[in-house]
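# Chain and residue survey
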Amino acid sequence: MAIVVRVKETLTAAEARRIALAAQGFAQKRPDAAGTRQLNLAMARMGILQIDSVNVFARSHYMPLFSRLGPYDTAALDKLLFARRAPYVESWAHVASFIPVADWGLFAFRHQANRRKYGTKPDGWFHTHREIVDWVLSELATRGPLRPAQIEHDAKQTQRGPWWDWDVVKNALEYLFLFGDVAIAGRRGFERTYALAEHVIPDAAREPVPTEVALRELIGRAARAYGVGTASDLADYYRIKDRAGVITALRELEDAGVVRPVTVDGWRSAGRPARAWLHTEAAIPRRVDATALLTPFDPVVWFRDRAERLFDFEYRIEIYTPAAQRRFGYYSLPVLVGDDIVGRIDLKADRAASALLVQSAWWEHGRPADAAERVADELRAAARWQGLESISVSRWGDATDDLAGALPEARRHDGGPAAPVALADDEPSLPPGASVEA
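Quick look at the structure, then. (Residues numbered from 1 in each chain as written. Predicted model: local features only at pLDDT ≥ 70, side-chain atom pairs only at ≥ 80, totals over all residues. Heavy atoms only, no water.)

## Description of the pattern of salt bridges
Applying the stated criterion across every chain yields a total of 27 salt bridges. Its salt-bridge partner being Asp32, residue Lys29 comes within 3.8 Å of it at the nearest N-O pair. We note that Lys29, like Asp32, is exposed. A salt bridge links Asp401 to Arg412; the shortest N-O distance between them is 3.1 Å. Taken as a pair, Asp401 in helix H17 (residues 400–406) and Arg412 in strand E17 (residues 411–412) lie far apart in primary sequence, 11 residues in all. Look at Arg412 and you get partly exposed, because its relative accessible area is 29%. (Salt bridge = Lys/Arg side-chain N within 4 Å of Asp/Glu carboxyl O. Buried < 20%, exposed > 50% of the residue type's maximum accessible area, 1.4 Å probe, protein only. Helix = DSSP H or I, 4+ residues; strand = E, 2+ residues; numbered from the N terminus.)

Here it is, written out as structure tokens:
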């Protein structure tokens, strides 16, 4: 595949799509076998891996690696993410996400902002529950990494007060995590294990990075990961709300030759052409020919405004929409074919029947003639990856007959917006009333 790098002041919409997909790794051929090296390379390209608890088909943090690399051993990723002294750690870097341990200090500005907002108010939760907060810290200091249930059990045995009536142990842990005092030391299933940050994060990585330096570094990384984007796109990659700080960072990055301003045909803001920023090392492939199922929390689509600008793809997940009102399904996955999003598919892994259920499937505009066959191959790969022996296709959606035709081995089943769906496990949460500062 030929890659073209050239200086342009204006990009076509198609060029912007190809730049964005290449930056995320979709211009590369999938490896014959994906091991630890390939996982680390993909992680380095994205820089961040969002966590979500919904487990209808596969947990969201497993999906971006499958989308880019094809079937891989999720145990290898688990080892990278959860092993003792793992190279990655959880952080509110986008929302709940995995980042390299070495990046912990880049988010000191966020820890500090959250502490100012939630940790200093005399009538705030943190201050009024300071006794339990200090006790939780002492438990972690004395006993090492602990799950909330372990701490709560011991708290109840002490009979020191009604702390547990409102799950105050978990709230204390979550506030301390927002402040950077506590880090996640792993998970058992999907339940977090908490530890003092000094027990998880190396001393050098805990060194706070000055805010201006951190913003410049993070916006530069976002530009590399996106290839091209507006200031809002780049700010959203790490959920940075400081608009003035983002613009200052972009000016400094432009002066340093890291990014340069461009316009993209069709990208508009307030009725005028929107200014975008192109990473100076971004490639403009002549062609991107990928096929992938994307999680709703893949960087390609997680910022819905950008997904609509890049792909003319209006996307909302319908988890919280009443079943009878769903248009596309509970947890539909965007379908990438070539260099465009051409459909969406709601998948469910029926473990008891060892079947991959296509609960609904829909086409978007511009699908190529061989889209059904290509997506069918991707569904076969998805079933193998999840250890499922068969595929069943519902009759809900304008793409289901095409997919069933391309999957002669598949069964058919009835489906619709009120069909039963799997429920989410407990999600990583914020304490009541808290939101992550940027």
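## As for the layout of surface pockets
One number sums up the size of the largest pocket: a volume of about 400 Å³. Every element with two or more residues in the lining of the largest pocket is listed here: helix H4 (74–82), strand E4 (88–92), strand E6 (182–188), strand E7 (191–196) and helix H10 (197–200). Here the residues of the lining of the largest pocket sort into 15 nonpolar, three polar and four charged. (1 Å grid on protein atoms, 1.4 Å probe; cavity = no way out; pocket = protein on both sides within 12 Å on 5 of 7 lines; lining within 4 Å. Points joined across faces, edges and corners; volume = space filled by probe spheres on them. Nonpolar A, V, L, I, M, F, W, Y, C, P; charged D, E, K, R; others polar.)

## Here's the deal with the sheet that holds strand E5 (residues 96–100)
One open sheet accounts for three strands, arranged E3-E5-E4; its pairing is antiparallel. Of all the strands in the sheet, just strand E3 (49–50) and E4 have a single pairing partner and so form its edges. Relative to E5, E3 is paired through two bridges, and the arrangement is antiparallel. Residue pairing in the sheet places Gln50 in a bridge with Ser97 of E5. (Pairing = 2+ DSSP bridges.)

## Structural notes on the sheet that holds strand E8 (residues 228–230)
Working definition: the strands of a sheet are paired by backbone hydrogen bonds and lie parallel or antiparallel to each other. If you trace the four strands from one edge of the open sheet to the other, you get E2-E9-E10-E8, paired in mixed fashion. The strands lining the two open edges of the sheet, one partner per strand, are strand E2 (10–11) and E8. The pairing of E8 with strand E10 (residues 272–279) spans three bridges and is antiparallel. Note that in E10 the partner of Thr230 across the bridge is Ala276. Contacts from helix H12 (residues 211–226) reach E8, strand E9 (259–269) and E10, with the element oriented near 95° to E10. (Contact = heavy atoms within 4.5 Å. Axes fitted to C-alpha atoms, helices over the stretch in contact; angles between N-to-C directions.)

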